[in-house]
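# Reading the structure
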Amino acid sequence: MSGSAKRSSVDASPPAGAGGATHGPLVLVGPSGAGKTTIAARLVERNPGRFALSVSATTRRPRAGEEDGRDYHFVLRRDFDRMVRAGEFAEWAEVHGERYGTPAANLVPVRERGPVIVLDIDIQGARQVMRRAESALVIFILPAGPDEWIDRLAGRGTESPREIARRLRTALQELAEAPSFGQFVVNADLDRAADEVLALVKGVGSDRGGGRGFASLRHALDAGARAEIERLDAAGGADSADQGA
Ligand code: ADP
Ligand code: 5GP
């Protein structure tokens, strides 16, 4: 990754929603396993030239099949911390015990005619981007229900039961904060979810999550996550003393 960009401003476009379509960064947030990465990839695949993925830096180790520079810039903790000190991140956060950050260079320049930059980041990072880039459009991705969510999270096969439990604990916090984010998309069918995100980017369609369906989905997801954490704890796969490891 280029370590040279130190621009502090990431915003050169009109505010999201001000005139319909957004040209600012598109930020997908939501609990692990909700489908953020998959939706982002589908958006880029279906709309070549219109969207581009922001590749983050992380201190976590690559998973099988992940490529340095494509999925993440995999960096050592000391290099990550040096980049923080040098002001090279537009935002960064510690998530599930590892550090993740968006290189400021990824968001500069945000041009009206260039692709919309898609960020798949956690809610702490999203709040930093919202403060920094007024034009950011933040969409909270929700799993369609607790069973398919847990199945997808486990079925991805990329985390140990202990790691899944840790992600579910983080998810409880994310679900609690969900109402403070602007827009929501439920990821049942992938193409439909990607289309709904595209519609929000175009400034057509809006789901501010005010309905009763949204509240009951959130409660169902919360209950499902708690039950799964309990199950994993009982099976010895999760260890709450392991939170800081
Ligand atoms: P996140 O990035 O939010 O952690 P992922 O994009 O990795 O979530 O999705 C979690 C798992 O669910 C992946 O294995 C992915 O292939 C699968 N998945 C995501 N969206 C759908 C969908 N709409 N239908 C079926 N499987 C999905
Ligand atoms: P994973 O380890 O599953 O790839 O990602 C774990 C979490 O870190 C996800 O919630 C993901 O959205 C978040 N994440 C990935 N990149 C960044 C980033 O650059 N900044 C922040 N704040 N979070 C990130």
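Residues numbered from 1 in each chain as written. Chains lettered and ligands numbered in written order. Predicted model: local features only at pLDDT ≥ 70, side-chain atom pairs only at ≥ 80, totals over all residues. Heavy atoms only, no water.

### Details of the site of ligand 2
Cut-off, in case you're wondering: Consider each residue's heavy atoms; a residue with any of them within 4 Å of a molecule or strand counts as near. Between N or O atoms, a polar contact is any pair within 3.5 Å; within protein, one atom must be a potential hydrogen donor and the other a potential acceptor, and residues adjacent in sequence are included only when both atoms are from side chains. We get accessible surface area from the Shrake-Rupley algorithm with a probe of 1.4 Å; when it comes to residues, only the shown protein chains can shield them. In this text, helices come from DSSP runs of H or I with a minimum length of four residues, and strands from runs of E with a minimum of two, each type numbered from the N-terminal end.
In the vicinity of ligand 2, 17 residues are found, and the nearest of them are S56, R60, Y72, Y100 and D122. At a separation of 2.5 Å, an oxygen atom of ligand 2 approaches a polar side-chain atom of Y100. With the chains in place, 95% of the 520 Å² that ligand 2 exposes on its own is no longer accessible. Counting residues per element, the ones that place at least two in the shell around ligand 2 are β5 (89-95) and β6 (98-103).

### A closer look at the packing of aromatic side chains
Stated precisely, the cut-off is as follows: Only the six-membered ring of Trp is used, alongside the rings of Phe and Tyr, when aromatic pairs are assigned; centres must lie within 6.5 Å, and planes under 30 degrees apart are stacked while those over 60 apart are edge-to-face, with the rest tilted.
Per the stated rule, a full pass over the model turns up seven aromatic pairs. For the pair F140 and F181, a centre-to-centre distance of 6.0 Å together with 40 degrees between the ring planes defines the contact as tilted. Highlighted residues: F140 in strand β8 (residues 137-143) and F181 in the loop between α5 (161-177) and β9 (183-187), separated in sequence by 41 residues. What links up through ring pairs into an aromatic cluster is the set F140, F181, F184 and F214.

### Considering the site of ligand 1
What counts, and what does not: For this classification, Asp, Glu, Lys and Arg are treated as charged, while Ala, Val, Leu, Ile, Met, Phe, Trp, Tyr, Cys and Pro are nonpolar and the rest, including Gly, are polar.
Close to ligand 1 lie 14 residues, the nearest being G33, T37, T38, R156 and N187. Residue G33 places a main-chain N or O atom 2.8 Å away from an oxygen atom belonging to ligand 1. Contacts to ligand 1 include K36, whose backbone N or O atom sits 2.9 Å from an oxygen atom. Out of a free accessible area of 560 Å², ligand 1 has 74% covered by protein chains. Per-element accounting of the shell around ligand 1 gives the leading share, three residues, to helix α1 (residues 36-46). Partitioning the shell around ligand 1 into residue classes produces four nonpolar, six polar and four charged.

In short, geometric facts, not functional conclusions.
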